[in-house]
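Examination of the molecular architecture
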Amino acid sequence: MTSRNAFLFPGQGSHLPGLFRDLADEHPLIGATLGVVDEVAAELGREQVSPMLLGPASASLRELVEHDPPSLHLAVFAASAVAFRLLTEDCGVRPDVLLGHSLGELVALTAAGALTLDDGARLVGRRDEALRAATAPGGGLVALGCGVRRAEHLLGALGERDVSVAADNGPGQVVLSGPDDGLRRLGESAKALGITATRLRIPYPFHNRVLAGAADDFAERAADLPKRVPSLRVYSSSLGRYVEGATDVELVVRGHLVRCVRFADAVRAIHADGARRFVESGPKGVLVDLVGGIVPGVATVAPFRRRTSRRALLSDLEELPEPRDDGTPAAGPRPAPATSTPPRTTPARRPTPPTSGPRCSPGESSRPGSGSGPRLWPP
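Residues numbered from 1 in each chain as written. Predicted model: local features only at pLDDT ≥ 70, side-chain atom pairs only at ≥ 80, totals over all residues. Heavy atoms only, no water.

**Concerning the overall build of the chain**
- Assigned secondary structure in the chain consists of 13 helices and ten strands.
- When burial is assessed residue by residue, the chain has 59% of its 379 residues classed as buried.
- Considering only contacts in the chain between residues 6 or more positions apart, those separated by 24 or more positions represent 74%.
- Summing over all exposed atoms, the chain offers an accessible surface of approximately 14,700 Å²; the carbon and sulfur share of this is 50%. (Helix = DSSP H or I, 4+ residues; strand = E, 2+ residues; numbered from the N terminus. Buried < 20%, exposed > 50% of the residue type's maximum accessible area, 1.4 Å probe, protein only. Contact = heavy atoms within 4.5 Å. Areas by Shrake-Rupley, 256 points an atom, 1.4 Å probe, with all protein chains shown as cover.)

Here it is as structure tokens:
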């Protein structure tokens, strides 16, 4: 099966306060989706995420990292979930394959139907419970401006056994994970070699074996959450292959905190399968920016790179070119449809969105009952 439209789900640092405040009145599904996550947040004893994504003066990424990482992670999950529903249900962009980066992989599985929206949010919450209960060691992530092989050679020369590659993001960026002291020494050595080293605003040394205890606890806490065969194709950047069934979903969860994110390899794999248009389903545009350095020449769009309006969202999607028969993107913007597709009131199943262009209409959703907080998403 050819995968032309690839949806990308970003990870921990993809928070943009008040992201949907200019869209919420026109799109009932925003409030419906955030309402479900808010209920789970209350169940977990957390603050609601809606004010973070709708309010005019919500906490910044830095403030959340320092004072409330669990709320940050739920907000990241909710933002990407809302973005996916807007893109697919209101704007009619059909995903052929989903690819998540780190925390984004849990969102991708939820979007694909492997978990309900409720349980996807619970999964994120239990992840934080496991991290807290395991008293995860102090540490974090550092992004180096080089490729993965050079980074591995540097680690070998330094003998930093607790520092490891957390994410291979492409030819120009690799992220390393480990305790604070090791990351400090790594940064000093990288600077001496002329390699940029940037400490990321991440509260834990994710994708590192030092979190093995938390990973085991997370798997146990998540065991009772029902996992299903995804209804959409998902390529796992941690497994290095497509997710084939519920067992693979369990494997992703079990290894989520310790497995390396092979994002560059995943992008190359889905590109080889025909992906030519990459859409960021979440705040900012970090992943599509990385894609351009991995597989140059593909079409990319990050419609939620900033707080946006319906008009700007539609305009961004119209700029995404249609692929030619050979799978490569055609020159120029994709044409806008002549009319919007009216909503279906009593469909037996979720309709397949058209590929001819976006159909974003204020207040319209192709999903029945979008204003009532549906539990199973997608059906």
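**A closer look at the sheet that holds strand β3 (residues 139-144)**
- Read across the open sheet, the four strands follow the order β4-β5-β3-β6; overall the sheet is antiparallel. Pairing within the sheet leaves two strands with one partner each, and these edge strands are β4 (164-168) and β6 (197-199). With direction set aside, neighbouring strand axes in the sheet form an average angle of 30°.
- Note that β4 and strand β5 (residues 174-179) share four bridges and pair antiparallel. Bridge pairing links A167 to V175 in β5.
- Across the face of the sheet, helix α7 (residues 148-158) comes into contact with β3, β4 and β5 while running at roughly 170° to β4. (Pairing = 2+ DSSP bridges. Axes fitted to C-alpha atoms, helices over the stretch in contact; angles between N-to-C directions.)

**Re the layout of surface pockets**
- Within this model, the largest pocket holds a volume of roughly 540 Å³.
- Broken down by secondary-structure element, the contributors of at least two residues to the lining of the largest pocket are β3, β4 and α12 (286-294).
- Looking at the lining of the largest pocket element by element, the count peaks at three residues for α12.
- Across the lining of the largest pocket, the residue classes break down as twelve nonpolar, nine polar and two charged. (1 Å grid on protein atoms, 1.4 Å probe; cavity = no way out; pocket = protein on both sides within 12 Å on 5 of 7 lines; lining within 4 Å. Points joined across faces, edges and corners; volume = space filled by probe spheres on them. Nonpolar A, V, L, I, M, F, W, Y, C, P; charged D, E, K, R; others polar.)

**A few points about the pattern of salt bridges**
- Applying the stated criterion to the full structure yields 14 salt bridges.
- Ionic pairing is found between R122 and E43, a salt bridge with its closest N-O pair at 2.8 Å. Of the two residues, R122 sits in helix α6 (residues 117-133) while E43 sits in helix α1 (residues 28-43), which places them 79 residues apart along the sequence.
- One salt-bridge network, in which partners are shared between bridges, spans E43, D119 and R122. (Salt bridge = Lys/Arg side-chain N within 4 Å of Asp/Glu carboxyl O.)

**Section: the packing of α7 against helix α8 (residues 180-192)**
- It is the contact of α7 with α8, at a shortest axis distance of 11 Å, that shows an interaxial angle of 115°. In this structure, the crossing between α7 and α8 has a hand that is right-handed. Residues L154, L155 and L158 of α7 pack against L186, S189 and A190 of α8.
- For the contact of α7 with α8, the residue count by class is five nonpolar, one polar and no charged. (Left-handed = near helix turned anticlockwise from the far one by under 90°.)

**Remarks on the pairing of strand β9 (residues 277-280)**
- Residues R277 and V279 of β9 are buried on one face, and the alternating residues F278 and E280, pointing to the opposite face, are buried as well.
- Sheet topology places strand β1 (residues 5-9) next to β9; four bridges connect them, and they run parallel. Looking at β9, one finds that F7 is bridged to V279.
- Relative to strand β10 (residues 299-301), β9 is paired through three bridges, and the arrangement is parallel. Its bridge partner being in β10, V279 is matched across the sheet by V301.
- Between the parallel pair β9 and β10, the chain is carried across by α12, and the sense of this crossover is right-handed. (Right-handed = clockwise from strand over helix to strand, strands pointing away.)

**Quick look at α7**
- Three or more residues of α7 are buried, namely V148, A151, L154 and L155. Relative to the axis of α7, the buried residues are bounded by an arc of 120° and lie together on one face. Opposite the buried face of α7, at more than 90 degrees from it, the exposed residues are R149, H153, G156 and A157.
- For α7, the secondary structure elements touched by its buried residues are β3, β4, β5 and α8.
- Residue G159 follows α7 closely and has a positive phi angle near 70°. (Arc of directions from axis to C-beta.)

**Details of the pairing of β3**
- Of all six residues in β3, six are buried, a share of seventy percent or more.
- Here β3 shows a buried face lined by G139, L141 and A143 and a second buried face lined by G140, V142 and L144.
- In terms of strand pairing, β3 meets β5 through six bridges, oriented antiparallel. The residue of β5 that forms the bridge with G139 is P179.
- As judged from the three bridges shared by β3 and β6, these two strands associate in the antiparallel manner. In the sheet register, A143 faces β6, and the bridge partner there is T198.

Any link to function would need more than the numbers given here.
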